[in-house]
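Structural overview for review
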Amino acid sequence: KTLLVNCLNNNTKTAALVRIKIFRLIGIKTLVVDFFFRVPPNSSVLRVAGISTLEQYEVEITTNRSNMLFSTFAEDIDGNQIPAQRVLHSELTCIA
């Protein structure tokens, strides 16, 4: 399996900093992926992480800008989206 996280910066003048953490949840919660990157103004960045060894996982996305939109999609080994593992921006939970 592969996890894709799309990050869209709708701010036309200011870049955003984004951090994506993926945790393994079986047993002790363990950080397994940690991406930190910049999204230029008015553009999108896609990050891809291999999650084939994770039976359960959590994705945490943080940013320093308010005009960001995020979505996540999991794909199977053949590159097909797994509908039960996709999360759209409107379905994400904001934890402040």
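Figured I'd write up the structure that's included with this text. Computed from a predicted structure; not experimentally measured.

With respect to the overall build of the chain
On a plain count of helices and strands, the chain comes out with zero helices and six strands. Reading the helices (α) and strands (β) of the chain from amino to carboxyl end gives β-β-β-β-β-β. Taking 96 residues into account, the globule formula puts the C-alpha radius of gyration at 12 Å, and the chain, at 14 Å, falls close to it. Projected onto its principal axes, the C-alpha coordinates of the chain cover approximately 40 × 30 × 20 Å. Per-residue burial for the chain yields a buried fraction of 28% across its 96 residues. Element-wise, carbon and sulfur atoms account for 52% of the exposed surface of the chain, whose accessible area totals about 6,100 Å². Taken together, the 10 basic and 8 acidic charged side chains of the chain have centroids lying 12 Å from each other.

Some details on the pattern of salt bridges
Applying the stated criterion across every chain yields a total of three salt bridges. One salt bridge connects Glu60 with Lys21, and the closest N-O pair in it is separated by 4.0 Å. Separated by 39 residues along the polypeptide, Glu60 in strand E5 (residues 57-63) and Lys21 in strand E2 (residues 16-24) bring together distant segments of the chain. Here Glu58 makes a salt bridge to Lys29, at a shortest N to O gap of 3.0 Å. Taken together, the positions of Glu58 in strand E5 and Lys29 in the loop between E2 and strand E3 (30-39) put the pair 29 residues apart, joining distant regions of the chain. The class of Glu58 is partly exposed, set by a relative accessible area of 28%.

Overview of the nonpolar core
Generally speaking, a soluble globular protein has its nonpolar side chains buried in company with each other. In this structure, Cys7, Val18 and Ile22 are the most contacted members of the largest nonpolar core, which totals 18 residues. For this core, the secondary structure elements donating two or more residues are strand E1 (2-9), E2, E3, strand E4 (43-50) and strand E6 (68-75). With four residues, the single largest contributor to this core is E2.

With respect to the side chain of Asn9
Here Asn9 lies in strand E1. Here Asn9 is in contact with Thr14, Ala15, Ala16, Val39, Pro40, Pro41, Asn42, Ser43, Asn67 and Met68, once residues within four sequence places are set aside.

Some points on unusual backbone geometry
What is expected of a backbone is that most residues other than glycine have negative phi and most peptide bonds are trans. In this model, Asn42 sits at a positive phi of 55°, which is unusual for a non-glycine residue. Examined against the element boundaries, Asn42 turns out to sit in the loop between E3 and E4. Of the residues examined, Asn42 reaches a relative accessible area of 54% and is grouped as exposed.

How each quantity is defined
- Residues numbered from 1 in each chain as written.
- Predicted model: local features only at pLDDT ≥ 70, side-chain atom pairs only at ≥ 80, totals over all residues.
- Heavy atoms only, no water.
- Helix = DSSP H or I, 4+ residues; strand = E, 2+ residues; numbered from the N terminus.
- Rg over C-alpha atoms; globule rule 2.2 N^0.38 Å.
- Buried < 20%, exposed > 50% of the residue type's maximum accessible area, 1.4 Å probe, protein only.
- Areas by Shrake-Rupley, 256 points an atom, 1.4 Å probe, with all protein chains shown as cover.
- Lys, Arg positive; Asp, Glu negative; His and termini not counted.
- Charge placed at Lys NZ, Arg CZ, Asp CG, Glu CD.
- Salt bridge = Lys/Arg side-chain N within 4 Å of Asp/Glu carboxyl O.
- Core = buried A, V, L, I, M, F, W, Y, C linked by side-chain atoms within 4.5 Å.
- Contact = heavy atoms within 4.5 Å.

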